[in-house]
Each structure stands twice: as structure tokens, then as C-alpha cells.
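# Remarks on the overall topology
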Amino acid sequence: MRKFIAVGDVHADWEGLWGALRAASCVDAHFRPTPPVQAGLYQVVLMGDLVHPKRVRDYERLTGLPRFHPRDPEHLLLAAREQVGHLERLRAYQAAAPHAVHILLGNHDDAVLDPRLVLGTSGGLVHVEFDPAHGGQALPDDLRGWMGGFPRELRVGSVQFAHVSPLPAHAYYDDLFYADPSAKRWFRETPEYVRRAGLSFGVYGHTQPGGGILLDREAGFAVIDALPEREYLEMLLDPALPEPVQGVRAVPF
């Protein structure tokens with residue numbers, strides 16, 4: 001039996017990420033894995049999208065600028081540098097317990113590695129701080145190599161952790177992915193996808209369900225893009241059992 005601590009999409013909310021891991025007793029005061037993580041008794045899963053703050057005010061909080069302009073090269077440089085520093089800290093955390101700290105590849109992480117698509121919001125915010133073609137700075141090579149090794153899913157027996165959904169088509173972030181509305185709607189319109197995939201339980205991010213973590217025990221999944229609501233998922237899991245999930249709950253912090 002192991003405890004899995006899963007944290008939803010980070011989007012450069014480093015205060016929220018480390019706050020969740022501290023609340024779950026997974027990180028110490030020096031940003032190192034705690035003994036239960038080092039021993040593998042606690043397994044940490046980050047659902048991806050480490051980069052790109054979601055809103056202008058989140059960029060302002062990250063950079064310390066009173067007004068952030070997403071097309072200003074100096075502002076983009078500050079946003080990139082701040083994120084690089086935090087990514088390096090997270091990389092060191094994972095390197096101290098690679099057997100117990102798992103980070104999935106989100107679509108925003110993928111867009112930094114291959115910036116052929118400009119991601120943004122309906123309000124006009126664009127995420128180009130790591131896109132030299134649009135005034136940003138390239139992610140350092142060492143971080144590119146680290147991020148490029150992120151898996152697209154984690155399987156523990158019949159339990160899946162993936163950024164978007166159980167559908168294989170939702171694990172590759174191309175033009176078809178962004179044109180497919182089901183990536184944002186599947187858990188409401190077709191929750192049976194999890195059971196059809198032969199899974200006993202699935203944990204996903206990518207979409208904020210509203211009101212914190214959405215836990216559907218009957219359909220067998222949780223949508224946990226809820227870091228802004230200050231919640232993470234805690235699961236007791238034994239893959240050797242017919243019903244591997246022995247307990248699952250949303251935890252506020």
C-alpha cells in the first residue's frame with residue numbers, strides 16, 4: 001500500500017505547488033523530499049502544465065511588475081527567468097527522489113518544447129515568454145532535456161494518471177487536439193471513457209471543473225486541476241488488489 005499525492009496543473013503557481021507538497025508532508029523546509037517520499041511510501045504525481053501563468057495578474061505576481069504586457073520583450077524576459085528558477089528547484093526536488101516524484105507532460109509544457117503553436121486565452125493573453133519567434137527566451141537546454149523526458153501518462157496497475165483524459169488522442173497536443181472540444185468536456189459528456197479503457201480509476205487535469213476537485217467515484221475518475229482552489233488529491237493505492245484504490249479524497253490546504 002502506497003500513498004499517492006497528486007497535484008493539478010501548476011501554471012507557474014509555485015507558492016501553491018510547494019504549499020500543497022508541504023501540507024502533504026512531501027517536502028521539507030529546504031525543498032527536499034521528506035523521508036516518506038525518499039522511501040517511496042509517498043508517491044508524488046504532478047499533472048503537468050508547469051509553465052505559463054493563467055492570467056495577467058498571475059504574471060504580475062510572478063514578475064513583480066505592476067502591469068504585465070505579454071508582447072513586451074523585457075516583461076517576457078522577467079517571466080521566463082522567474083519560471084526557469086522555479087523549474088530548476090523542482091528538477092532538483094525530483095532528482096532527489098526520481099522513483100517517487102512523477103511529472104506528466106502537459107500541453108503547455110509541450111508548447112514550450114515545440115513552440116509551433118501560440119497558446120493563449122480568450123481574453124487575449126498569449127504565452128510566448130519561451131518563444132524566441134515572438135520576443136521570448138528559449139528554455140535552457142538542460143531544462144528542455146528534463147522536460148522532454150516527462151511521460152504522457154503514469155500507470156499503476158489499472159489506475160491511470162494522465163494530463164487530459166484516458167483517450168490516447170488526448171495525449172498528443174497537435175492541431176487536432178486543440179480543435180477537439182471533447183478534451184475539455186469528456187468528463188461531463190462521456191465519463192464512461194474511463195471504464196471503457198479498462199481502468200479501475202483515472203486521475204486527470206487540464207480543465208478546471210469548478211468548485212475544486214471533481215471526484216466521480218461511480219465513473220471512477222477525478223479531475224484535479226484545482227490548485228487555484230488550493231486542493232490536491234490523496235489516494236491510497238495497492239495495485240495487487242482487485243480494487244486497487246483503497247481510499248481517495250480531495251484535500252484542502
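As annotated in an unreviewed UniProt entry, the protein carries the name Metallophosphoesterase and is attributed to Deinococcus aetherius.

### Remarks on the pattern of salt bridges
Going through the model one piece at a time under the given rule, you end up with 11 salt bridges. Put simply, Glu 153 and Arg 155 hold a salt bridge, and the shortest N to O gap is 3.1 Å. Under the relative-accessibility criterion, Arg 155 is labelled partly exposed at 43%. Shared partners join several salt bridges into a network, and the residues in it are Lys 3, Glu 234 and Arg 249.

### Examining the pairing of strand 5 (residues 159-162)
Here is the key point about a regular strand: its side chains alternate between the two faces of the sheet. Residues of strand 5 alternate between two faces, with Val 159 and Phe 161 on one and Gln 160 and Ala 162 on the opposite face, all of them buried. The pairing of strand 4 (residues 153-156) with strand 5 spans four bridges and is antiparallel. Across the sheet, Leu 154 pairs through a bridge with Phe 161, a residue of strand 5. Counting the residues between successive antiparallel strands, the hairpin from strand 4 to strand 5 contains two residues, one of them, Gly 157, with a positive phi of roughly 60°.

### Some remarks on empty space enclosed by the protein
All told, the structure shown has two cavities of 30 Å³ or more when counted by the stated rule. What lines the largest cavity is His 52, Ala 111, Val 112, Pro 115, Leu 117, Val 118, Leu 119, His 127, Val 128, Phe 130 and Asp 131. In terms of residue class, the lining of the largest cavity is made up of eight nonpolar, two polar and one charged. Here the second largest cavity is characterised by a volume of approximately 40 Å³. What lines the second largest cavity is simply Asn 107, Asp 110, Ala 111, Asp 114, Arg 116, Leu 117, Tyr 173 and Tyr 178. Take the lining of the second largest cavity: its biggest share by element is three residues, from helix 5 (residues 107-113).

Cut-off values and rules
- Residues numbered from 1 in each chain as written.
- Predicted model: local features only at pLDDT ≥ 70, side-chain atom pairs only at ≥ 80, totals over all residues.
- Heavy atoms only, no water.
- Salt bridge = Lys/Arg side-chain N within 4 Å of Asp/Glu carboxyl O.
- Buried < 20%, exposed > 50% of the residue type's maximum accessible area, 1.4 Å probe, protein only.
- Helix = DSSP H or I, 4+ residues; strand = E, 2+ residues; numbered from the N terminus.
- Pairing = 2+ DSSP bridges.
- 1 Å grid on protein atoms, 1.4 Å probe; cavity = no way out; pocket = protein on both sides within 12 Å on 5 of 7 lines; lining within 4 Å.
- Points joined across faces, edges and corners; volume = space filled by probe spheres on them.
- Nonpolar A, V, L, I, M, F, W, Y, C, P; charged D, E, K, R; others polar.

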